[in-house]
Amino acid sequence: MSVRLRAVLSLGILVAPAGVGTMAFWTDNVAISGATYTAGTLNLKVNSNDAYATTTLAMATMVPGNTSAEVLTVQNVGNVPIKYSLQGGLTGTDAAALAPDLTLTVRAGGTRTITGTGPSYTCTGGTQIYNAVLTTTTTTDIITAAAKRGPVAATSGTDALCFQVTFSATAATTQQGKTASATFTFVGTSDLS
Amino acid sequence: MSRDDSRVRALREVLLTVGAALGTTCIAVALASTFFGVTPLVFRSGSMAPAVQTGDLGIAHHVPAGELRAGDIVSVDNSRGVRVTHRVVSSKLIGNSATLVLKGDANETADIEPYVVTSADRLMFSIPKAGYVVTFMSGPIGIFFGGLLVGAVILLLLNSRSRRNGDAADDSTGDPTTGARGGRRKAPGRRRAERTTTVVGMAAVLTLPLAGLAAGPVGTLAAWNDPVPVTSAADAYTVPAPNGDTCTLITPGTNSVRGVKLTWPATVAPLPPLSYTTPTFTNITPVTNAVATSGTEQVLTQTYNPGTVANQNKIVTVTDRAFPTGVAAWLSPITSWKYRTGGTSATQPVCGEVDPPTVAFVGPDSTSRTVAAEKTFITSACTTNTVIACGTYLDANTVTVDYTLRRVVSGVTRCWAGSWTNSAVGGACTAFQAAATAPSGGQTTWYETASQSTVYAASGGAGVYTLTVRATDSWANVTTQVLTFTLT
């Protein structure tokens, strides 16, 4: 065969790798549902729990103007770096009634501070990354997937977020006795990019 | 011709031949991918170990859902768009779509979500470690060498073409490194052209790898998620009414100031601190009227001047309610107390009660009967046989019971007033006091004596009757009960 023909044919090597970006031939395979990984384990915890029902942030007898706060520490105990997004909302019997009067504030790196004379904890310091009224949709983005926080380093990395819930000072008297539960979901994603 | 020259040529021959073979294979794979649904897969995790290890390159074939069987290793996209390659545990075919339950060989449990697919990539075989090579080749470095290769080939082609232009002799035997044979004989114009193409080729060699780096795919690797839910209650407080009916007299009191203290427990942290509205009152003009905290108690103090005639012998109703301190709109339910002022300036007030009496009917009851049956029923149900109605009442204090009895017969409304009269204008009948037996077992019977045959007439007595009973205790607490019954 001529030099030129062989040279041109050798360019064929480029065809297969060139397909990666455009044809998505090369795909990933991930193990799920408590899988045993050989490549790594993905394990996110919040305040050392895989599911955390907090009483610190909770308000059992809230009256208008009350606030509560808690520092939630996101911990990466797996052996791969993690980025995470956060969703949350209000559920329960009176979620729809209470939601307009409950505001969530999240401060990255903030600290829990008591203010005034009543049991009114707030978050101070750090950087405010969210401040909005809660919704009744628990998939409402607080930290969007497009703006994940992290990466949190493998094995022992942490990221502290101070959560503050404020019950509106102008909440109507008809809110008395209403109950709801705020649910936040930290979604850890392995940061392999 | 030197020995070095022949070595270089032999090396070039080998490289060209191997390159051509690899290139042809790659083209074949690409064509197979496009036309026969063959897909290469790089395994990035070990969930299928030991059958397929991390870094292996799998070759999968696209097949319709109906051909999938338990035990096949298939590659599908999950709901998040992440490709998962696991073994089929079960496949349930409905129409042309199958619901697959998949499980990684190394996983303890099957995947949480079932996959609904009309087709899937079924693994045919896998090549150990080849995935690493492919990934490397797909990366920036691979792209760089690819660009280098393209540039080198272009240079080679341009070189051989320019030499062919300059020398009609067999180019395969010419020396590309020096152009030894043809170089000297080249015309100046041709030499310039050759130089130009060489420069272009060199530029291509340098720029193509860089272009490849810039355009190279960014390796965004898929990942699995680990969600951690955090829940926190948000329960609004129900503001409690002042709790307790503790009423004490202010002792000893004077002829110009007497009064009562109403107390209840103060709120205890962590419950929200409470404040209280200014108490309301009836029938008197108070001297003091305020709520204050005293230790663990809240104390409502109300005093009046007993020498003022308008303040004497009055039942006073006091009410108050709580609200969270600072939130005046959040009022609790109302709590009431009662006390009676003395008849003279020297008489202490008396604490009262706010609970109304309870009242019930015994006979008649709400059952419809004939006139005769109703009379028999009342006679047996009421211990005093001559009554037209009876029932019970209960209260801590003295009670008076009165009643009205109304009937509608043939569309005519009348009231009982010793006889059936027309006085039922607007439906309101005159009330008569009922008699009462002596208390027995904490319960007292009220009754009304009259001729059963007159009240419930055998002729013209069929109709709808309404018996209203009102019990009033000595603290003016009232309970009213209404009974409607039909006679036929």
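As shown above, the structure is provided for reference.
Everything quoted here is computed from the prediction, not taken from an experiment.

Undergrad: Could you give an account of the overall build of chain B, with specific residues and numbers?
TA: What chain B contains, in helices and strands, is seven helices and 27 strands. Taken across its 488 residues, chain B has 39% of its residues classed as buried. Intrachain contacts of chain B at a sequence separation of at least 6 include 63% that bridge at least 24 residues. With the model as given, the accessible surface of chain B reaches about 24600 Å², and the carbon-plus-sulfur share is 61%.

Undergrad: If you had to explain the pattern of salt bridges to someone new, which residues and values would you point to?
TA: For the structure on display, the rule yields seven salt bridges over all chains. Between A:Arg149 and A:Asp159 there is a salt bridge, and its shortest N-O distance comes to 2.8 Å. Highlighted residues: A:Arg149 in strand β10 (residues 149-152) and A:Asp159 in strand β11 (residues 157-167), separated in sequence by 10 residues. Overall, the relative accessible area of 23% leaves A:Arg149 in the partly exposed class. Judged by relative accessible area, A:Asp159 falls into the buried class, the value being 15%. The structure contains a network of salt bridges with shared partners spanning B:Glu67, B:Asp72 and B:Arg122.

Undergrad: So what about the pairing of strand β3 (residues 73-77) of chain B? Which residues, and what values?
TA: Residues and elements named next belong to chain B. Counting buried positions over the five residues of β3 gives four, a clear majority of the element. Bridge count between β3 and strand β4 (residues 83-94): five bridges; the pairing is antiparallel. When the sheet's bridge partners are listed, Val 76 is paired in β4 with Val 84. Direction of pairing for β3 relative to strand β7 (residues 119-127): antiparallel, over a ladder of two bridges. In the sheet register, Val 74 faces β7, and the bridge partner there is Arg 122.

Undergrad: Summarise the state of the cysteines; cite the residues concerned and give the values.
TA: Residue and element names in this part refer to chain B. Going through the model one piece at a time under the given rule, you end up with four disulfides over all chains. With its sulfur 1.8 Å from that of its partner, Cys 415 forms a disulfide with Cys 429. Looking down the S-S bond of the Cys 415 and Cys 429 bridge, the torsion is -70 degrees, so its handedness is left-handed. Placement of Cys 415 in strand β21 (residues 412-416) and of Cys 429 in the loop between β22 (420-421) and β23 (432-433) is noted, with a sequence separation of 14 residues between them. Considered together, Cys 415 and Cys 429 belong to a single accessibility category, that of buried residues. If you count the bonded cysteines of chain B from the N-terminus, they pair up as 1-2, 3-4, 5-6.

The rules behind the values
Residues numbered from 1 in each chain as written. Chains lettered and ligands numbered in written order. Predicted model: local features only at pLDDT ≥ 70, side-chain atom pairs only at ≥ 80, totals over all residues. Heavy atoms only, no water. Helix = DSSP H or I, 4+ residues; strand = E, 2+ residues; numbered from the N terminus. Buried < 20%, exposed > 50% of the residue type's maximum accessible area, 1.4 Å probe, protein only. Contact = heavy atoms within 4.5 Å. Areas by Shrake-Rupley, 256 points an atom, 1.4 Å probe, with all protein chains shown as cover. Salt bridge = Lys/Arg side-chain N within 4 Å of Asp/Glu carboxyl O. Pairing = 2+ DSSP bridges. Disulfide = S-S within 2.5 Å.

These values are about where atoms sit, not about what they do.
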